[in-house]
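Here are the chains, one letter per residue:
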Amino acid sequence: MSYWSPQEPRRVHLLVVAEGVDELEPLLETLRDTGYRITLAFDAMEGYRRATTLQMDLVLLDVRLSSTDGFAACRLLKADPATADIPVIFLTSSASLEERLAGLRAGAVDCIVKPFDPAEVMARIEIHLRLAEAPRSRIAPAAKSAPPTERLETNGDGAPGSDMDRVLMQAAERLILADLSHVLPLRELAARVGTHEKRLSRVFKELANRTVFEFIREARLQEAQRLLLESAMRIEEIAAAVGFSSAANFATAFREYFDCTPSACRQAGRAPDA
């Protein structure tokens, strides 16, 4: 007689983030009938926090959420080492190509337009779960050692734990570096990562020892330096590509930062000391 039983295989754990679940009920029933474990969240930041504290295999994320949209939550998930490898599938009521592309650029692996057939969603979930089956480390050592509460915002003025600070800064940096020629205004940049401009400014000052504007300026100049040394683009083209309004403004900023003109940098064929 055996006094032990084989351990049951771990059930696939899905996080569903949506404000109202009534329209999703047929899908949720199908998921439960298939044997998936389901966790629900009703706003973007709640979804992000649950994903950082629970072992999720995939996230179904509604784009249209009231306080913070699904795009911001996805950017945070992809900027956080604890959740970066979790596949995200967006659910949207918009059939516009622009919104679907925005979801993919934010880091999603798929985008499904509502109304949808549960069978189609199931098929897509199964595909992305199989693609994600390769061994991966979902939780960084720091995330394992830190109590979950340290990852949450602690008061009304947005003073968070250091993990959340780094995630916000990483998400903002990715947005900035994705298109240096059209960097968003600070207010919109902060909204895109689920916070406000005062908090984002503080995070950059504390962790990067520079303002958001200073980070953008340095990123533009360093990218311009790379293009000068590695491409045949004209100086005017490089200035426009990294977001300067004119070649003259670019040349002045470049000389102040590197103590070298763009032309001299290219002619020397080496990176000047900053």
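Residues numbered from 1 in each chain as written. Predicted model: local features only at pLDDT ≥ 70, side-chain atom pairs only at ≥ 80, totals over all residues. Heavy atoms only, no water.

Chemist: Tell me about the overall build of the chain, and name the residues and values.
Modeler: Within the chain, the secondary structure is distributed over 13 helices and 5 strands. Looking at the chain as a whole, 44% of its 274 residues are labelled buried. In the chain, the share of contacts with a sequence separation of at least 24, taken over all contacts with a separation of at least 6, comes to 62%. In the form shown here, the chain has an accessible surface area of approximately 14600 Å², with 51% of it arising from carbon and sulfur atoms. (Helix = DSSP H or I, 4+ residues; strand = E, 2+ residues; numbered from the N terminus. Buried < 20%, exposed > 50% of the residue type's maximum accessible area, 1.4 Å probe, protein only. Contact = heavy atoms within 4.5 Å. Areas by Shrake-Rupley, 256 points an atom, 1.4 Å probe, with all protein chains shown as cover.)

Chemist: Tell me about the pattern of salt bridges, and name the residues and values.
Modeler: In total, this model carries 16 salt bridges according to the counting rule given. Of the charged contacts in the structure, one is a salt bridge between Arg187 and Glu197, with a shortest N-O distance of 3.1 Å. A residue pair is termed long-range when its members are at least 10 positions apart, and Arg187 in helix 8 (residues 186-192) and Glu197 in helix 9 (residues 197-208) qualify at 10 residues. Residues participating in the shared-partner salt-bridge network are Glu23, Asp62 and Lys114. (Salt bridge = Lys/Arg side-chain N within 4 Å of Asp/Glu carboxyl O.)

Chemist: Tell me what's going on with the nonpolar core, and back it up with residues and numbers.
Modeler: Residues Leu61, Leu76 and Phe90 are the most contacted members of the largest nonpolar core, which totals 29 residues. Discounting chain neighbours no more than four positions away, the residues touching Leu61 are Val17, Gly70, Ala73, Cys74, Val88, Ile89, Phe90 and Leu91. In this structure, Ala18, Leu27, Tyr36 and Ile38 belong to the second largest nonpolar core, which totals 20 residues. (Core = buried A, V, L, I, M, F, W, Y, C linked by side-chain atoms within 4.5 Å.)

Chemist: Can you tell me about the packing of helix 7 (residues 162-178) against helix 10 (residues 212-230), naming the residues and giving the values?
Modeler: Their axes nearest at 11 Å, the elements helix 7 and helix 10 cross at an angle of 40°. On the basis of the axis angle, helix 7 is oblique to helix 10. Crossing angle aside, the handedness with which helix 7 passes helix 10 is right-handed. Only Val212, Phe215, Ile216 and Ala219 of helix 10 make contact with helix 7, whose side of the interface consists of Glu173, Ile176 and Leu177. Class assignment for the residues of the contact of helix 7 with helix 10 results in 6 nonpolar, no polar and 1 charged. (Axes fitted to C-alpha atoms, helices over the stretch in contact; angles between N-to-C directions. Parallel < 35°, antiparallel > 145°, perpendicular 65-115°, else oblique. Left-handed = near helix turned anticlockwise from the far one by under 90°. Nonpolar A, V, L, I, M, F, W, Y, C, P; charged D, E, K, R; others polar.)

Chemist: So what about the confidence of the model for the chain? Which residues, and what values?
Modeler: Scored by pLDDT, the chain has a mean of 84; 85% of the residues are at 70 or more. Here residues 135-161 is a poorly scored stretch, pLDDT under 50, and it has 44 contacts once near neighbours within four places are set aside; other chains count. (pLDDT = per-residue confidence, 0-100.)

Chemist: Explain the sheet that holds strand 4 (residues 88-92) to me, and be specific about the residues and the numbers.
Modeler: Spatially, the 5 strands line up as an open sheet ordered 2-1-3-4-5, and their pairing is parallel. Each end of this open sheet is capped by a strand with a single partner; those strands are strand 2 (37-41) and strand 5 (110-113). With direction set aside, neighbouring strand axes in the sheet form an average angle of 20°. With 4 bridges joining them, strand 4 and strand 5 adopt parallel strand pairing. (Pairing = 2+ DSSP bridges.)

Chemist: Please provide a residue-by-residue account of the pairing of strand 2, values included.
Modeler: Within a regular beta strand, the side chains point alternately toward one face of the sheet and then the other, so they alternate between its two faces. As judged from the 5 bridges shared by strand 1 (residues 13-17) and strand 2, these two strands associate in the parallel manner. In the sheet register, Leu14 faces strand 2, and the bridge partner there is Ile38. At this point the chain moves from strand 1, through helix 1 (residues 25-34), to the parallel strand 2, and the crossover so formed is right-handed. (Right-handed = clockwise from strand over helix to strand, strands pointing away.)

Chemist: I'd love a proper account of the side chain of Arg220, names of residues and values included.
Modeler: Mapped onto the fold, Arg220 is located in helix 10. For the buried residue Arg220, which engages in no salt bridge, the nearest side chain bearing the opposite charge is Asp179, 7.8 Å off. Setting aside residues no more than four positions away along its own chain, Arg220 makes contact with Leu180, Val183, Val242, Gly243 and Phe244. (Lys, Arg positive; Asp, Glu negative; His and termini not counted.)

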